Amino acid sequence: VSISTWAWLALLLPLLGSLVIALGFRVLPARVAGIVGTAAIGLAFVCAVGALLNLLGEDAEARHHASSLWDYASAAGLDVKLGIYVDQLSVFMLLVVTGVSTLIHLYSFGYMRSDEGYHRFFSYLNFFVFSMLLLVLAGNFVLLIVGWAFVGFASYALISFWYRRTTATKAGMKAFVINVVGDIGLVLAAFLIFRELGTFEFGEVFAKAPEVFTQGGWTVTAICLLLLVGAFAKSAQIPFHTWLPDAMEGPTPVSSLIHAATMVTAGVYLIARTHVLFYLAPTAADIAAFTGLATLLIAGTIALTMTDLKRAIAYSTMSQIGYMIMGVSIGAYAQGLFHLMTHAFFKALLFMAAGSIISAMANRQDIDRMSGFWRAMRFTSLMLLVGGLALAAFPLTSGFFSKDSILAYAEVRGGMYTWMAIGGYLGALLTALYTFRLIFRVLPGRPCEEAQHLIDTGELYHGPAINPANEELEDPDVGFPGATHNVAEGSRPMAVAMALLGFGALFAGLIQVPGVDNVLFGFLDPAFADSPLSEIHPSVGAEWRGLTIGAAISLLGIGLAWVLWVARPGLPALLRARLRPLYELFVNKWYFDEAIDLLIVRPALAIGRFASSTFERFVVDGLVNGTKETVAGAGGIVRVVQSGFVRSYALLLIAGFAGLALYFLLSAS
Amino acid sequence: MINSLLWTPLIFALSGLVLPKRAVGWWAAAGAAVTLGIAIALLAGFDPSGGLQDTVDVEWIPGLGVDYSLGIDGLNVFLVLLTAVLWLGGTAFAAFREQERPHLFFLMMLLGETATLGAFVAQDLLLFVLFFDLMLVPFYFLFGAWGTDREGGPTASAATLKMIVYTLIGSLLMLVGAIATAIIAADGGQISFSIADLAQDPVAEGSQRWIFWFFAAAFLVKMPAFLLHGWMPDAYRAAPLPVLAVFSGVLAKVGAYGFLRVVLPLFPDATVQFQEVVLAIALASILYGSVMAFTQTNVRLIGGYSSVAQLGFITAGIFALRADGADGAVLQMVNHGLVVAPLFIIVALLAERSGSEDLREMGGMAMRAPVLAALFLIVTLATLAMPGSANFVGEFYILNGLFQAKIVFAFVAISGIAMSAYYALRLYQRTMHNRVPEGVASREIDLRDGLVLAPLVLCIVGLAFYPQLILKRTDDAVQTSVAAPTRAAEPGVRFAER
């Protein structure tokens, strides 16, 4: 079996799964739908492994293949095929996406068990995986845009999955519209590429680009900036990030899969994929890197003040993607992707653990209400801790190696990039701080009411069904969210998925230990050989120096969190009071929502109101009514027009036409 | 073949008059089905590089140089198919429901089909004008007599009157323009209305300038374009929904088609000269239509104004005066027809379930109607030109053409895409999601309506996988159509001065 066949199979299996579940929703039992969905993704993972083995059997230089099924839209000089492009980068993404997705499907199998929308959920989830694979396998810009938009739609559909909640439908709309703005950026970039290079195919574009574009030229810079609009919208980078926290309205497995592990990292993939262009446009690359840096710091400060468990983790996701964007923009391609992979593991795990806790809390997400879960749910707590350690870059966990590899590169590249490394370390301090703020507030201490209920009775607490976002009573006859909740302690599929991810979160970093092994970079580097930036390699000594600093910062952050939220519980309130303006800024999310509302939403609605209430009535209708009134002024003619003229004209036309037709028939014979 | 395509609906319409009341609807649907069969056969035998084919050319009124001349080429082959598909859908949907005076209703329905097909296949300018005007007649009766009077608004006949006044003025201008073109072109010799002949030797630039606008007025009103759309809101609210489905799906396209068939080849110099003016109108239609679509609460008007915006895209594609833009325009005409017709059928279903056509009185209907919700979702995504749909390919081609020709216009036009995402999704969410208001009785789509809706949705899905089906067959004809203005645009090669 050739490598392209493996890739096509991996792509089509999730689509098939989605279709089978969607079309069979009346006949398939819920269990079967879940099994079909999970198996489809599991098989796709097998295909991805097949593709990897195939690729490893080839020369490192020859590891890229284009394959197409049929002409998709080829006319007038545009030549768009339904084609895929398989190389180290896409196979890497293929493995990460299918691997993590399989586990999250497994988790969902347990987590969503009592939900009435089970079929719909798995159908959408499979469709999402199909879209994501299309995104990473696409062989040209048009198909990339298709995958790009499909994941956006899947994200929308799953955010507003519980569609009786108005908060969920609103959040879905927001995510969709912002993502469409991103799509437009990509479309315009594609047009510009076509104008300059006359093709949309990846292979040709990247081969021609260095010949056609001059380094730093304005055209290639414009292309890259437009690509960045797409990347920022999808990867929730400032200022296109406001949809991500709201996206937490979706069921927790969705947050785990789409809004943490896979889709939101598409921007990182895009920059890595088009690194040839970004190398030619250093200004755009620097803008991307600075945006990543700004996002990682700003999101870190917001995560520090969020009291909603899932939203806090969402801001953390934004912040971590900031690292990746910064990495791939400054030339640390493989390093950025390394962090993408480890982040997929530990962040998916964190969301799974959070979901388990939220289930135990009867869907409440407010950490102010949570405490003492260490005693109530040992396994979930352990997993939360494992995910948290990896996120906080605790020494020897996966996040420790991946994050520091980016910062070490930045430091070695020197100049202003040194400052990025410093900013990154500052972000790492924030990360450790906000991560362990969550952990120290949720796990230790006296069990809260819900946790105590679980300890006492061994059963989950079930309060009235309330939408946690707006305290609205849920619609009881709908059946979603499901009536009963599921936690990892009571559901084998959930526990297995979490345990496997926990293993990855702890040990995945060991494939890339400086001076010891070079598995991942050795595999990925040839894909970036056409960019001179990939030749910068920090020495082993520099890497370990960076790792030591990283370890110190991580431990410092965790220790500080311990002081603030365990040892001196009164201190945070005191700090809040002392640093009032700063706290207000953070807790109001730096006022991005308000600014967008003021600058874009309100003006658009005002224009709309003006158009429909004033312009349409007085200008458009006025033209006709004016004429009519003039006619009416002439006296009585309107009646003639209304009753006689038009009708007679119509009849006359019919009669005339019939007569002419008759004439034709007679004269033709 | 082409004759049977054209006259089959009319034959069924007339023969239906003698049938009993209950059978007439089915007879009409059968007629539409037979027409569809012929249209499919025409497509099957179509040669993408064969130019004008399946022609019929008979002298009709020799003294006036008018021929009964029909033909199929890349410009109209899919529009003919679209007409046949949508008419079958609309007729069947109407046949499932009781109609007052069914004999007349279905007579008018099928007469409308013949007239529309005639406008698409006519290759003689006067014949085209004649069919173009004839289209108006059945719809006048259908809107006026079977439409709904609006409380506190105009009656159905008043609304229809407004539409007729608008379109009639356009049509009369076009008639004058057509006659003038033939007479000026003949220059005292033998008059010919053949479009091919007239395109061979366009009239002088000075004459082109005013005749261009006579034709453009008729087409822009039909679409309708910004500022000429005054008839649309009232007429759309009055029209019976199955009729509106075919009206909005097909008739608006005749206007866009007219630009490609008549205006570009016959008035190339004026086309080049007024390119930016028409583009500006198109952009205004996109922006205005979109803005209106997201402020309306009447579901019909959301569909109506979104059509204004979509037709704006199509016009912009044509007036990019590049093959890719025009290819996209033809593709998009088919796409938009395939999307807007099911949309209005769904609107009818939603109105039946909620007893209202106001968004504010709808909601939560997806719960008990998953199949309807799924079909509606696909239509919605195609409406907003989701990448992956054929609509996206159409818009991509259109905007690419515009981008390469007039980059500033492209940047403005593309903002319409973001707005379309909002208004289309808003329509879907407000009807299918959120809480269920009082008075909404959600129930699943029944088999009969499913039989109408599902095939249309399947067409959308099928085209999404293979838009090349259309692009491959239209490209040649489109290239010919845009060739004249392209040559005219070259400095110093003004056609009229040869």
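A brief report on the enclosed structure follows.

Thresholds applied
- Residues numbered from 1 in each chain as written.
- Chains lettered and ligands numbered in written order.
- Predicted model: local features only at pLDDT ≥ 70, side-chain atom pairs only at ≥ 80, totals over all residues.
- Heavy atoms only, no water.
- Salt bridge = Lys/Arg side-chain N within 4 Å of Asp/Glu carboxyl O.
- Helix = DSSP H or I, 4+ residues; strand = E, 2+ residues; numbered from the N terminus.
- Buried < 20%, exposed > 50% of the residue type's maximum accessible area, 1.4 Å probe, protein only.
- Axes fitted to C-alpha atoms, helices over the stretch in contact; angles between N-to-C directions.
- Parallel < 35°, antiparallel > 145°, perpendicular 65-115°, else oblique.
- Left-handed = near helix turned anticlockwise from the far one by under 90°.
- Contact = heavy atoms within 4.5 Å.
- Nonpolar A, V, L, I, M, F, W, Y, C, P; charged D, E, K, R; others polar.
- Core = buried A, V, L, I, M, F, W, Y, C linked by side-chain atoms within 4.5 Å.

Across all of its chains, the model carries 25 salt bridges over all chains by this definition. A salt bridge links B:Asp234 to B:Lys162, with the shortest nitrogen-to-oxygen separation between them at 3.0 Å. Remark: B:Lys162 occurs in helix H6 (residues 156-186) and B:Asp234 occurs in helix H9 (residues 232-238); sequence separation between them is 72 residues. No difference in accessibility class separates B:Asp234 from B:Lys162, as the two residues are buried. With a closest N to O distance of 2.7 Å, B:Lys406 and B:Glu276 form a salt bridge. Of the two residues, B:Lys406 sits in the loop between helix H16 (390-405) and helix H17 (407-432) while B:Glu276 sits in helix H12 (residues 275-293), which places them 130 residues apart along the sequence. The class of B:Lys406 is partly exposed, set by a relative accessible area of 22%. Residue B:Glu276 is classed as partly exposed on the basis of its relative accessible area of 42%. Three or more residues are tied together by salt bridges with common partners; here these are A:Lys174, A:Asp246, A:Asp308, A:Arg311 and A:Asp593.

Residue and element names in this part refer to chain A. For the pair helix H4 (residues 118-137) and helix H11 (residues 266-273), interaxial distance at closest approach is 10 Å and the crossing angle is 20°. Considering their axes alone, H4 and H11 lie roughly parallel with respect to each other. Relative to H11, H4 is oriented so that their crossing is right-handed. Residues Met-132, Leu-135 and Val-136 of H4 lie in contact with H11, whose contacting residues are Ala-266, Tyr-269 and Arg-273. A per-class count over the contact of H4 with H11 returns five nonpolar, no polar and one charged.

Attention now moves to the nonpolar core. Formed by 455 residues in total, the largest nonpolar core has its most connected members in A:Leu277, A:Phe373, B:Phe128, B:Phe143, B:Phe215, B:Ile318 and B:Phe396. Contact partners of B:Phe215, with chain neighbours within four places excluded, come to B:Leu125, B:Met174, B:Gly177, B:Ala178, B:Thr181, B:Val262, B:Val263 and B:Phe267.

The next subject is the environment of B:Thr91. Relative to the elements of secondary structure, B:Thr91 occurs in helix H3 (residues 77-95). It is 17 Å that separates the C-alpha atoms of B:Thr91 and B:Leu6, two residues lying 85 residues apart in sequence.

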